[in-house]
Structure formats: structure tokens, C-alpha cells
Amino acid sequence: MSSALTLPNALSLGRLLLTLPLAWALAENRPVVGIPLFALAVASDLLDGRLARARGQTTRLGTLLDHGADACLVVTLSAGAAMLGLLPAALAPLIAFAFVQYVLDSRVIDGAPLKGSRLGRWNGIAYYVAAGGALAARHLGSPPALVGILHVLGWLLVASTLLSIAARLRAIR
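Residue numbering note: each chain is counted from 1, following its sequence as written. Where totals are concerned, whole chains, interfaces and linings use all residues; where local detail is concerned, this predicted model gives features only for residues with pLDDT of at least 70, and gives and counts side-chain atom pairs only at 80 or more. Values reported for side chains reflect all heavy atoms of the structure, with hydrogen atoms and water molecules removed beforehand.

Caption draft 1: Fine view of the overall build of the protein. Within the protein one finds 7 helices and 0 strands. Beginning at the N terminus, the succession of helices and strands in the protein can be written as α-α-α-α-α-α-α. A compact globule built from 173 residues would reach a C-alpha radius of gyration of about 16 Å, and the protein, at 16 Å, matches this within 12%. Taking the principal axes of its C-alpha atoms as reference, the protein extends roughly 45 × 40 × 20 Å. Counting over 173 residues, the protein shows a buried share of 39%. Accessible surface, the protein as shown: approximately 9,400 Å² in total, 70% of it carbon and sulfur. Neither His nor the chain ends contribute to the count of charged residues, in which Lys and Arg are positive and Asp and Glu negative. The atom standing in for a charge is NZ when the residue is Lys, CZ when it is Arg, CG when it is Asp and CD when it is Glu. With 14 positive and 7 negative side-chain charges, the protein shows a spacing of 6 Å between the two charge centroids. Counting from the N terminus, the helices are DSSP H or I runs at least four residues long and the strands are E runs at least two residues long. It is over C-alpha atoms that the radius of gyration is taken, and the globule rule equals 2.2 Å times the number of residues to the power 0.38. Any residue under 20% of the maximum accessible area for its type is buried, any over 50% is exposed, and the rest in between are partly exposed; the area is computed with a 1.4 Å probe on protein chains only. Surface exposure here means Shrake-Rupley accessible area, sampled with a 1.4 Å probe, where a residue is shielded only by the protein chains that are shown.

Caption draft 2: Local environment of the nonpolar core. By size, the foremost hydrophobic cluster in this structure holds 31 residues, and its most contacted members are Leu22, Phe38, Leu73, Leu77, Leu86, Leu87 and Leu91. Elements that contribute at least two residues to this core include exactly helix H2 (19-28), helix H3 (31-54), helix H4 (60-83), helix H5 (91-106), helix H6 (118-139) and helix H7 (144-172). A per-element tally of this core places H6 first, with 8 residues. Leaving out residues up to four positions away in the same chain, Leu73 has contacts with Arg15, Thr19, Leu22, Phe38, Ala41 and Tyr128. Take the buried residues of types Ala, Val, Leu, Ile, Met, Phe, Trp, Tyr and Cys, join any two whose side-chain atoms come within 4.5 Å, and each joined set is a nonpolar core. Residues are treated as being in contact if the distance between any of their heavy atoms lies within 4.5 Å.

Caption draft 3: Here's a closer look at the packing of helix H1 (residues 7-17) against H2. Lines are fitted to the C-alpha atoms to define the axes, a helix being fitted only along its stretch in contact, and any angle between axes, read from their N-to-C directions, falls within 0 to 180 degrees. Axis separation between H1 and H2 bottoms out at 4 Å; the angle between their running directions is 35 degrees. Where H1 abuts H2, its residues Arg15, Leu16 and Leu17 lie against Thr19, Leu20 and Pro21. Three categories are distinguished: nonpolar for Ala, Val, Leu, Ile, Met, Phe, Trp, Tyr, Cys and Pro, charged for Asp, Glu, Lys and Arg, and polar for the others, with Gly belonging to the last. Taken together, the residues of the contact of H1 with H2 sort by class into 4 nonpolar, 1 polar and 1 charged.

Caption draft 4: Spatial organisation of the side chain of Asn9. Locating Asn9 in the fold gives a position in helix H1. The contact partners of Asn9, leaving out residues within four places of it in the chain, are Ser3, Ala4, Thr59, Leu61, Gly62 and Leu65.

Caption draft 5: The pattern of salt bridges, seen in detail. Basic side-chain nitrogens of Lys or Arg form a salt bridge, by our definition, when they fall within 4 Å of a carboxyl oxygen of Asp or Glu. Counted under the stated rule, the structure contains 4 salt bridges. One salt bridge connects Arg15 with Asp66, and the closest N-O pair in it is separated by 2.6 Å. With Arg15 in helix H1 and Asp66 in helix H4, the pair connects residues that are 51 residues apart, well separated along the chain. For the pair Arg15 and Asp66, one class covers both residues: buried. Here Asp70 makes a salt bridge to Arg15, at a shortest N to O gap of 2.8 Å. Of this pair, Asp70 sits in helix H4 while Arg15 sits in helix H1, and the two are 55 residues apart along the sequence. Each member of the pair, Asp70 together with Arg15, is buried.

That is the geometry; function is a separate question.
As C-alpha cells, this is what we get:
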């Protein structure tokens, strides 16, 4: 059996494959599909790394697949939420840029492990909160109070993502 064919990697790949159905559920306002799929995505994100460590199956590929699946999911949902007026349009491209910067700065291609930061970790969690909030807002009829909270959270994430990008640029110098 290949070292790439592990349960943790399958969970990460499964999360990646949930991206398009989740985007469809957001766009078409299908809470019966979107809410359980989002819960499944969150559960897989919570489990894959823990399982990999517990089973001794941590690999560079697995780490990249885990973080890449997260990035694809939150970028796609953030972009969809922006098109619906639920999150700032600047957020999705900034998340994508920050992820690419994270991979390149870590020199994963050269065989180095990903080098995370505390701010990046908190941003990653908050991206999921914003995406889940956007799904909830859409499915609840976009109540103005919840949309307002999402906009504030979205702009805070724009600012914290810019800070994270700047911190990585400073570290390179």
C-alpha cells in the first residue's frame, strides 16, 4: 500500500471534494445539503491531522493536502458568499494569496515542512467560521443582524490576513 493512501489523506481529499457541492448549496440556498456537508467538512478537518499523528502517518503530502483542501474550501465559499453580499469581495483572493505565500515561503517544494504561524492558525479557524456563518445566513434568509456580523468578521479577516501576509514578507527579509 502506498504511503499516500491513508485514512487521514482520504479525509482531506474528501473535504476537497466537498467544495463544489458546498458552493452549489450556498448558491442555490440548499440548507438540507449545505449544513450537513459543511459539518462533515469541519469534522474531517478536525480528524485528519489527529489521525495522521496518532497512526504515525504524517507526511509532507498529507500536510499539503490538508491545508490545500482547507484553502480551496474557504476560498470557494468566501467567493460565493461575496457574490451574495455576505462577505467582502477582497477576502477570497487574499486567502488564496496567503495560502500560496504560506506554501512558497515554507519551501515545501524543496522538501521543507510547512511553517505556520499563530496568526495564520487563528485566521484559518476564522475563515471556517465566516464560511459557516455565510451558509447559515443564506439559509436563514440573510437576516440583517447576521449579515452585519459577517461583514464585520469579513473585514477583520481581510485586515488580519493582510497582517499575516506582511509578517511573512518581513520574515523573508
